[in-house]
Every structure is written in C-alpha cells, then in structure tokens.
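These are the residues of each chain, in order.
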Amino acid sequence: MTEFKQRIFSGVQPSGNLTLGNYLGAIRNWVTLQKTYESIFCVVDLHAITVWQDPAVLRNATREVAAGMIASGIDPKECIIFNQSQVPGHAELAWIFNCVARMGWLNRMTQFKEKAGKNRERASVGLYVYPDLMAADIMLYQATHVPVGEDQKQHLELTRDIAQKFNSDYGTEFFPIVEPLILGEAKRVMSLRDGTAKMSKSDPSENSRINLTDDRDTIAKKIRKARTDSEAIPSEIAGLEGRPEVKNLISIFAALSDRTVAEVCQQYGGQDFAPFKKDLAELSVSVLGPITEEMKRLCDEKTYIDQVLKEGSEKARILSEPVLKQVHNIVGFLQS
Ligand code: TYM
C-alpha cells in the first residue's frame, strides 16, 4: 500500500454570501484541522460558473470568500488559500476524470437533480460534470482528507469511485482513497424557515439563512423569526425526533457554543422558545460579530487579498505540477 502524506483539501463556491451553514459545516472545522494537517483551501470559481455569474460580482465574491476564510481564523501563512482558476491543473485533471467517471455515476448525483430542477435540458454541461471537477480538485494534490458538510458526502463517494477506477484501470496506486471529515454538531444546517431544506446561499428567502455579512440586528431578527413549533423544548435528544426546526436551532446552538446537543437539551428542556432564542441570538452575535467585522475590514484591503490568492496559487501550482506530470505519464500522454 502506498503511504500518502496526510493532507486536507476543501473548497467553497464564490456564488453568493457565505452562510452560517458554510461556517459551521466547513470553515469552523478547517480552523481546528489546520493545526494538525497540511491544508489547502480553495475558492472554487470554476465550480461557480456552472450556473451564470456576473463577472464583476464573481470577482467580488471570490475576494469575499477568501476574506471570510481568513477572518474565521484560517492562517494564510500556514495554509494554502487560493482561487481555483489560477491553477490550470484543476481543469486538466477534470478532463481526464470525465473520461474515467461513468454517465451512470453522474446520473445518480442528487445535487445535480436539485440544481437542474425540472429543466434538465437547459442546465449547463458543466453542472452535470461538476463532481468530476471536484474529484480533480482533491486528487490534484493527492489529498487524503476532505472536511465538508454532510451535503457533499455523495460527491466524495464519487471521488473515491473515480480514484479507485483510475487506479485499477491503469494498474497503479497513484491516487489515495479520500476520507471525508464530516464533523461537529451542525453537519447539515437547515433553513430557519423550513427545517427540511438545507440552509443555502441560493434560497430566495433572506430570512432562511444567516449570512456572515449580516449585522447584529439582522442576526437577532432572523433568529427571533426562525420557525419553531408550539411544544416546549425537549430535555433529551429523543424528543427532537420529528421536530426538524427545533433540532436545527438546538444543533446550531450546540455547535456555536462547543457543546453537545444533549447538553443544550438538558439546559433548556421544558422551557418555551423565547429565552432560548434570546440566548441563541446573543451567542450567534458573539461568535459571528468579530468575524463579520474582520471580513468587512479585509474586503476593503483588496491588494492584500489578491496577494494572498496569488501566493497561494503559486504554492498550489508547485504542488500540482508533478502530480499532473505523473498522471500524463500513467495515462500515456507523450511528453517531450
Ligand atoms: P459549497 O460552496 O456549497 O459549500 C462550502 C462548504 O460548506 C458546506 N455547507 C454546509 N454545511 C452544513 N450545512 C449547510 N447548510 C451547508 N451549506 C454548505 C458544504 O458542505 C461545503 O463543505 N462542491 C463544493 C465545493 C467544492 C469542494 C471541492 C469541497 C469544490 N471542490 C473539493 C471539497 C473538496 C460546494 O459546492 O460547496
């Protein structure tokens, strides 16, 4: 068995505001993991254009996501932070993976079905092969671990299938079989308006999500308006069954306060929602407030952000080039 260097790769799309879901499902975990793993964090602009993006808006969102990562505590001196399009190897390896992955595999991807909706004929081809590009992102660095929210699990299973098929087709152990890291008490943060739908930057309802750019009053207002039900808060986890909105708010509370869902149930069990929501609003503001402020400050420092992305891209390119060269060799591309 080939021994691979323990390395993390993960990414966020610059397609709208960063949400509490991105923060709790992904970025917050990265901040902890960066201490133990060599880490590469990517603003995945090639993924973003699988649906239409206004160029000026995309440029800004790319900087904003990078600023959000840094403001949350990702250290650009210790980790690589870059935007995907500055490293050509992503698109190149994705092409090779397009030839490895099977149509049947992609046809099963639930995210494509959700995003394409009823109008599949009009979805971009990029949206369909998106998971191959995601596999390429990870494999371009032979990353071994990928910290993501639960919604990305199926894509990571596909990444494992692609790596396995490549390895077996070419009789090699070149690509590691990646391990997903789906961590914390808020692996899937749900909409504040509908506990059965994921909190998402593309939800038309602003009140469904907390953005990392929201100010204190907006955060407090959104939590006050968050949907609950007419029963009291349960004192045990079992009582959350069939109450998705309540489960969601308790999980958010647990994740933000570094406690378990069971502990939060124990503290608030038997009470109605008003005091809990008040505490949740205060907790959210105390955790997110400093990040929002720092993010705003960094967004005004465009030169600094662009420099971080440039340096990160150079480092990423240096790591990716020998991998791509070996892939060319394995596949049989003549290199002169
Ligand atoms: P994206 O941009 O949709 O989300 C970025 C990260 O945030 C997590 N996330 C959530 N976690 C919990 N609850 C939520 N409501 C929530 N919303 C988002 C996502 O799971 C993700 O970890 N395909 C990816 C980006 C990507 C990528 C990669 C990730 C491209 N290449 C390679 C890992 C490795 C995406 O669209 O994430």
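Scroll up to find the structure.
Residues numbered from 1 in each chain as written. Predicted model: local features only at pLDDT ≥ 70, side-chain atom pairs only at ≥ 80, totals over all residues. Heavy atoms only, no water.

## Thoughts on the pairing of strand β2 (residues 38-43)
Turning to step 1, where the next piece is worked out: Burial within β2 is extensive, with 5 of its 6 residues counted as buried.
Turning to step 2, where the next piece is worked out: As paired elements, strand β1 (residues 7-12) and β2 share 6 bridges and run parallel to each other. Its bridge partner being in β2, Val12 is matched across the sheet by Val43.
Turning to step 3, where the next piece is worked out: The β-α-β motif built from β1, the intervening helix α1 (residues 20-33) and the parallel element β2 has right-handed crossover chirality.
Turning to step 4, where the next piece is worked out: Relative to strand β3 (residues 80-83), β2 runs parallel, the two being bridged by 4 bridges. The residue of β3 that forms the bridge with Val43 is Asn83. (Buried < 20%, exposed > 50% of the residue type's maximum accessible area, 1.4 Å probe, protein only. Helix = DSSP H or I, 4+ residues; strand = E, 2+ residues; numbered from the N terminus. Pairing = 2+ DSSP bridges. Right-handed = clockwise from strand over helix to strand, strands pointing away.)

## Remarks on the site of the ligand
Turning to step 1, where the next piece is worked out: Lining the immediate environment of the ligand, one finds 26 residues, of which Gln13, Tyr130, Asp137, Asp151 and Val189 sit closest.
Turning to step 2, where the next piece is worked out: Backbone polar atom of Gln13 to an oxygen atom of the ligand: 2.8 Å apart, as the coordinates give it.
Turning to step 3, where the next piece is worked out: Contact between the ligand and Asn22: an oxygen atom at 3.1 Å from a side-chain N or O atom of the residue.
Turning to step 4, where the next piece is worked out: Notes on the ligand: free accessible area 710 Å², of which the protein chains cover 97%.
Turning to step 5, where the next piece is worked out: When its residues are assigned to classes, the shell around the ligand shows 11 nonpolar, 9 polar and 6 charged. (Near = heavy atom within 4 Å. Polar contact = N/O pair within 3.5 Å; in protein donor to acceptor, adjacent residues only side chain to side chain. Areas by Shrake-Rupley, 256 points an atom, 1.4 Å probe, with all protein chains shown as cover. Nonpolar A, V, L, I, M, F, W, Y, C, P; charged D, E, K, R; others polar.)

## Observations regarding the packing of aromatic side chains
Turning to step 1, where the next piece is worked out: Throughout the structure, instances matching the rule amount to 12 aromatic pairs.
Turning to step 2, where the next piece is worked out: Pairing Phe174 with Phe175 gives two aromatic rings, centres 5.0 Å apart and planes at 70°, and the pair type is edge-to-face.
Turning to step 3, where the next piece is worked out: Its relative accessible area of 1% is what places Phe175 among the buried residues.
Turning to step 4, where the next piece is worked out: When the centroid spacing of 5.1 Å and the interplanar angle of 80° are considered together, the rings of Tyr268 and Phe276 count as edge-to-face.
Turning to step 5, where the next piece is worked out: Given a relative accessible area of 4%, Tyr268 falls into the buried group.
Turning to step 6, where the next piece is worked out: Here the aromatic residues Phe97, Phe166, Tyr170, Phe174 and Phe175 are joined through ring pairs into a cluster of three or more. (Phe/Tyr/Trp six-rings, centres within 6.5 Å; stacked < 30°, edge-to-face > 60°.)

## Re the environment of Asn211
Turning to step 1, where the next piece is worked out: Tracing the chain through its elements places Asn211 in the loop between β5 (179-181) and α9 (216-225).
Turning to step 2, where the next piece is worked out: For Asn211 and Ser200, which are 11 residues apart along the polypeptide, the C-alpha to C-alpha distance reads 9.7 Å.
Turning to step 3, where the next piece is worked out: With residues up to four places along the chain from it excluded, the contact list for Asn211 reads Asn17, Leu18, Thr19, Glu206 and Lys222.
Turning to step 4, where the next piece is worked out: Of note is the side chain of Asn211, whose polar atom sits 3.3 Å from the side chain of Arg209. (Contact = heavy atoms within 4.5 Å.)

## A look at the nonpolar core
Turning to step 1, where the next piece is worked out: In this structure, Leu24, Met69, Ile250, Phe276 and Leu280 are the most contacted members of the largest nonpolar core, which totals 61 residues.
Turning to step 2, where the next piece is worked out: A total of 11 residues in this core trace back to one element, the largest contributor, which is helix α12 (residues 273-299).
Turning to step 3, where the next piece is worked out: When residues of this core are assigned to domains, at least three fall in each of domain 1 (7-182 + 302-331) and domain 2 (206-297).
Turning to step 4, where the next piece is worked out: Filtering out sequence-adjacent residues up to four positions away, Ile250 remains in contact with Ile233, Leu240, Val261, Val264, Cys265 and Phe276.
Turning to step 5, where the next piece is worked out: Ranked by size, the runner-up nonpolar core spans 45 residues in total, among them Cys42, Phe112, Phe174 and Ile182. (Core = buried A, V, L, I, M, F, W, Y, C linked by side-chain atoms within 4.5 Å. Domains from an automatic or database assignment.)

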